2 protein chains.
Amino acid sequence: MLKKIVILVCDGLGDRPIKNLGALTPLEAAKTPNLDALAKEAECGMMYTLGRCQVPGSDVAHLAIMGYSQHEYYSGRGTIEVAGIGINLRPGDVALRGNFGTVDDNQLIIDRRAGRIRVVEQLTQSLDGLEIDGVKFVVKPGTGHRAGIVMRGEGLSNAIIDADPHKPGIPIRNVTPTNNSPKAQRTAQVLNKFLEKSHEILKKHPLNEIRKKEGKYPANYLLVRGAGFYKKVPSFEERYNLSSCCIAGGGLYKGVGSFLGMKVIKVPEATGLPDTNIKAKFQSVLTCIDKYDFVFVHVKAADSLGEDGNFEGKKNFIEKLDSASKLLLNLPDDVLLIITADHSTPCELKSHSADAVPILYRGNGVRTDDVMAFNERACKKGGLGIIEGKHVIPHAQNLLGTLKLVGA
Amino acid sequence: MLKKIVILVCDGLGDRPIKNLGALTPLEAAKTPNLDALAKEAECGMMYTLGRCQVPGSDVAHLAIMGYSQHEYYSGRGTIEVAGIGINLRPGDVALRGNFGTVDDNQLIIDRRAGRIRVVEQLTQSLDGLEIDGVKFVVKPGTGHRAGIVMRGEGLSNAIIDADPHKPGIPIRNVTPTNNSPKAQRTAQVLNKFLEKSHEILKKHPLNEIRKKEGKYPANYLLVRGAGFYKKVPSFEERYNLSSCCIAGGGLYKGVGSFLGMKVIKVPEATGLPDTNIKAKFQSVLTCIDKYDFVFVHVKAADSLGEDGNFEGKKNFIEKLDSASKLLLNLPDDVLLIITADHSTPCELKSHSADAVPILYRGNGVRTDDVMAFNERACKKGGLGIIEGKHVIPHAQNLLGTLKLVGA
């Protein structure tokens with residue numbers, strides 16, 4: 001009897017046939033004996049995370065897979081990023097994600113990541129707690145050059161366009177409201193004042209004096225984006241009655257876990273990069289599934305490699321993933337394993353696409369089908385047919401026998 | 001990298017198994033090596049143009065395939081017919097399609113098409129510009145016995161039942177309003193006056209005097225139907241950022257093109273009949289795809305043959321279509337080819353039906369499947385699964401990489 005769930009989300013795994021891979025996708029071209037062994041024991045299918053013809057951003061894609069509709073629970077990526085950093089939002093809060101970047105004296109962007117500065121805690125400390133026109137700013141360090149920012153005060157809105165032109169060589173813009181509401185106008189005004197004041201503080205910050213002496217880019221401007229506002233979000237456990245944890249390298253995915261109230265497990269060798277230690281992550285899965293009912297494990301690099309157009313790299317990373325997946329063959333008898341992706345990232349496009357992704361459900365008592373491999377072409381013929389992200393957890397609940405009866 | 005789109009819509013192509021064709025559909029029974037070759041290089045599936053269990057009319061079917069919901073953009077076929085004739089509607093206008101027909105002295109219908117009169121320009125000229133109770137009538141010739149009529153004035157509505165009994169031997173009725181609104185009542189009243197006045201003018205028209213002398217039916221009554229009203233419709237190019245053109249024989253399909261702001265390309269040998277020159281049309285596709293980003297090419301006769309119950313004729317016409325389709329194998333590398341139908345027209349029913357139609361997407365980088373033939377039975381097993389008309393263009397946009405990201 002199935003009692004627990006492990007879901008492995010391989011970011012950007014789906015792709016399209018690539019000429020140099022013999023008209024196969026990286027997943028089809030990769031040697032994946034372990035994933036294929038899992039597929040043989042599974043029911044397979046294809047998934048449109050947000051529905052057909054919707055190109056999923058990573059944030060809303062993961063929320064959809066976990067059963068949290070973007071329309072109900074999503075207002076901007078900032079909310080998820082600050083959750084990952086460990087800031088608890090309160091009603092009325094506006095949350096932003098930020099980069100420490102470098103601008104010149106004319107506020108032209110020199111580098112959006114201040115030469116990929118690695119530790120920004122001293123910088124965030126100098127900004128954390130600033131108050132402008134009754135709005136308090138909470139500023140905490142993220143990974144690398146990143147930060148999470150919360151605006152806390154009366155009459156705020158996330159209806160703003162950020163100041164980041166997203167390209168070097170272009171001047172910083174003003175934050176502008178996207179509508180005429182007093183809230184949006186106030187938010188833009190206060191945020192502009194904060195960014196100006198931050199720039200003054202950062203310009204003179206001792207850490208930046210040192211960086212300049214060392215010939216490094218000073219981290220003298222806080223670039224913000226992805227404004228979202230507080231919404232009440234029931235935790236994964238409240239929603240499904242399953243205690244849950246999250247194993248991820250990338251900040252956003254830890255953020256998704258935190259956002260949904262999952263325990264975020266630290267795996268030191270999980271980097272979110274192609275060099276990540278997938279085996280260490282899957283070892284952690286095997287440990288965690290003893291303690292939790294639901295383990296969400298995320299592997300990032302197939303997406304980044306797709307965005308680089310690096311199909312050989314993507315294929316190789318998939319083989320590394322497959323090698324680690326041997327561990328998943330040893331999950332306890334009462335565990336349902338789901339393997340899927342949040343979206344496709346075709347190497348040709350170098351960006352997310354709306355192409356469906358393969359999905360498998362493997363566990364005792366699950367109906368199997370004739371699919372013998374885990375890839376786009378094979379899973380199209382799976383017994384599950386074509387599902388959407390919103391079906392992923394309910395289908396698992398059904399397999400566990402925990403869905404509620406409709407009618408009598 | 002795909003940059004352009006050709007969509008071939010084969011009107012009424014879908015069918016049901018026919019005993020005399022060995023329990024195959026005309027498309028399954030026809031020898032179609034070229035369409036099958038395209039299917040082998042494609043991802044295939046089935047489509048319900050308006051959704052399951054909806055029998056599509058040709059007008060709303062084409063709008064749906066182009067991504068224009070009938071609920072938002074359709075108010076009556078008249079609007080599309082007059083677009084095809086080249087009349088630009090203005091806010092408040094009511095548009096109708098019309099036939100020149102023959103009635104006797106008691107206004108009994110003798111022939112709904114006045115013996116299929118071929119040129120009606122002199123007749124429309126005698127009616128164009130008439131004004132009744134402040135409503136101006138624009139009357140322009142369509143193809144053959146057809147005309148487009150626009151009522152332009154204050155307080156009009158399309159909530160009327162036409163006067164055409166649709167059968168010979170029955171008297172012309174009065175146009176009646178379908179509701180009690182003053183607008184509907186006024187429209188019916190004004191239109192009745194116009195039809196009466198037109199009849200007086202047409203009865204005495206010199207062209208009809210000549211026709212009577214020649215023993216032909218006089219075109220002495222304008223039968224109108226399909227009242228629609230002006231709606232703002234974004235052009236195909238505005239909507240998708242793709243310059244577009246339309247290659248069609250039938251008037252309605254040119255009308256669809258015009259309605260959506262496509263350039264309507266003249267192919268003199270395109271007749272909309274079984275004798276049409278499909279090769280000339282496909283040659284035109286090859287020329288047009290150099291100049292336009294999107295080419296809509298329509299082939300009509302499978303539908304008409306289905307409506308006649310002529311399964312042998314339908315099968316033969318499909319083989320003629322297949323023969324011309326060899327040209328489509330030579331589309332440039334950056335062109336995505338879509339082949340589908342607007343609806344099924346089963347020979348047994350002699351009318352449109354809600355049966356799904358096959359669809360294929362063929363182009364570089366498109367995920368292929370194991371489908372080896374383009375027909376109802378084969379495409380059911382395609383990787384696309386079952387889609388709806390509203391997905392057709394967005395799915396193509398996805399393949400071109402031009403869909404917008406949802407979330408971040």
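Residues numbered from 1 in each chain as written. Chains lettered and ligands numbered in written order. Predicted model: local features only at pLDDT ≥ 70, side-chain atom pairs only at ≥ 80, totals over all residues.

K.L.:
Please give an account of the interface of chain A and chain B that cites residues and values.
P.N.:
The partner chain B presents 20 residues to the 27 residues of chain A that form the contact. At the level of secondary structure, the elements contributing two or more residues to the side of chain A that touches chain B comprise strand E3 (55-56), helix H3 (58-65) and strand E17 (385-388) of chain A. Broken down by element, the residue count for the side of chain A that touches chain B peaks at three residues, all from H3 of chain A. Class assignment for the residues of the side of chain A that touches chain B results in eleven nonpolar, eight polar and eight charged. Two elements, E3 of chain A and strand E17 (residues 405-406) of chain B, share two bridges in a ladder whose sense is parallel. In the sheet register, Val55 of chain A faces E17 of chain B, and the bridge partner there is Leu405 of chain B. (Contact = placed C-beta atoms within 7 Å. Helix = DSSP H or I, 4+ residues; strand = E, 2+ residues; numbered from the N terminus. Nonpolar A, V, L, I, M, F, W, Y, C, P; charged D, E, K, R; others polar. Pairing = 2+ DSSP bridges.)

K.L.:
Requested: an account of the environment of Ala280 of chain B, with residues and values cited.
P.N.:
Residues and elements named next belong to chain B. Following the sequence through the fold, Ala280 ends up in helix H11 (residues 278-291). Sequence separation between Ala280 and Ala61 is 219 residues, and the spatial gap between their C-alpha atoms is 25 Å. Apart from residues no more than four positions distant in its own chain, Ala280 is found in contact with Val267, Glu269 and Ala270.

K.L.:
An account of helix H10 (residues 251-259) of chain A is needed here, citing residue identities and associated values.
P.N.:
Residue and element names in this part refer to chain A. Burial of H10 is extensive: eight of the nine residues sit out of reach of the surface. Taken together, the buried positions of H10 are occupied by Leu252, Tyr253, Lys254, Gly255, Val256, Gly257, Ser258 and Phe259. Tucked into the core, H10 has its buried residues touching H3, helix H5 (77-85), strand E12 (244-247), strand E13 (263-265) and strand E14 (294-299). Directly beyond the C-terminal end of H10, a positive phi value near 75° is found at Gly261. (Buried ≥ 20, exposed ≤ 12 C-beta atoms within 10 Å, placed from the backbone.)

K.L.:
A description of the relation of the copies chain A and chain B should follow, citing residues and the corresponding values.
P.N.:
Between the two copies, chain A and chain B, the superposition gives an RMSD of 0.1 Å; the rotation angle is 118° and the shift along the axis is 0.6 Å. The superposition of one copy onto the other is thereby described by a three-fold rotation axis. Counting the interface residues of chain A, we find that no more than 4% of their copies in chain B are interface residues as well, pointing to two distinct contact surfaces. (Least-squares fit on C-alpha atoms with pLDDT ≥ 70 in both.)

K.L.:
Provide a residue-level description of the pairing of strand E13 (residues 294-299) of chain B, including the pertinent values.
P.N.:
Residue and element names in this part refer to chain B. Among the six residues in E13, six count as buried, and that is most of the element. Residues of E13 alternate between two faces, with Phe294, Phe296 and His298 on one and Val295, Val297 and Val299 on the opposite face, all of them buried. Taken together, the six bridges between strand E1 (residues 4-10) and E13 define a ladder with parallel strand orientation. The residue of E13 that forms the bridge with Cys10 is Val299. Note: strand E11 (residues 244-247) against E13, four bridges, orientation parallel. The partner of Ile247 across the bridge, within E13, is Val297.

K.L.:
So what's going on with the sheet that holds strand E12 (residues 263-265) of chain B? Residues and values would help.
P.N.:
Residues and elements named next belong to chain B. Spatially, the eight strands line up as an open sheet ordered E12-E11-E13-E1-E14-E15-E2-E16, and their pairing is mixed. Two strands in the sheet have a free side with no partner beyond their single neighbour: E12 and strand E16 (385-388). On average, each strand axis in the sheet is tilted by 25° relative to the strand beside it, whichever way the strands run. Each of E1, strand E14 (335-340), strand E15 (357-362) and E16 is contacted by helix H15 (residues 392-400), which is oriented at about 155° to E14, the strand it contacts most. (Axes fitted to C-alpha atoms, helices over the stretch in contact; angles between N-to-C directions.)

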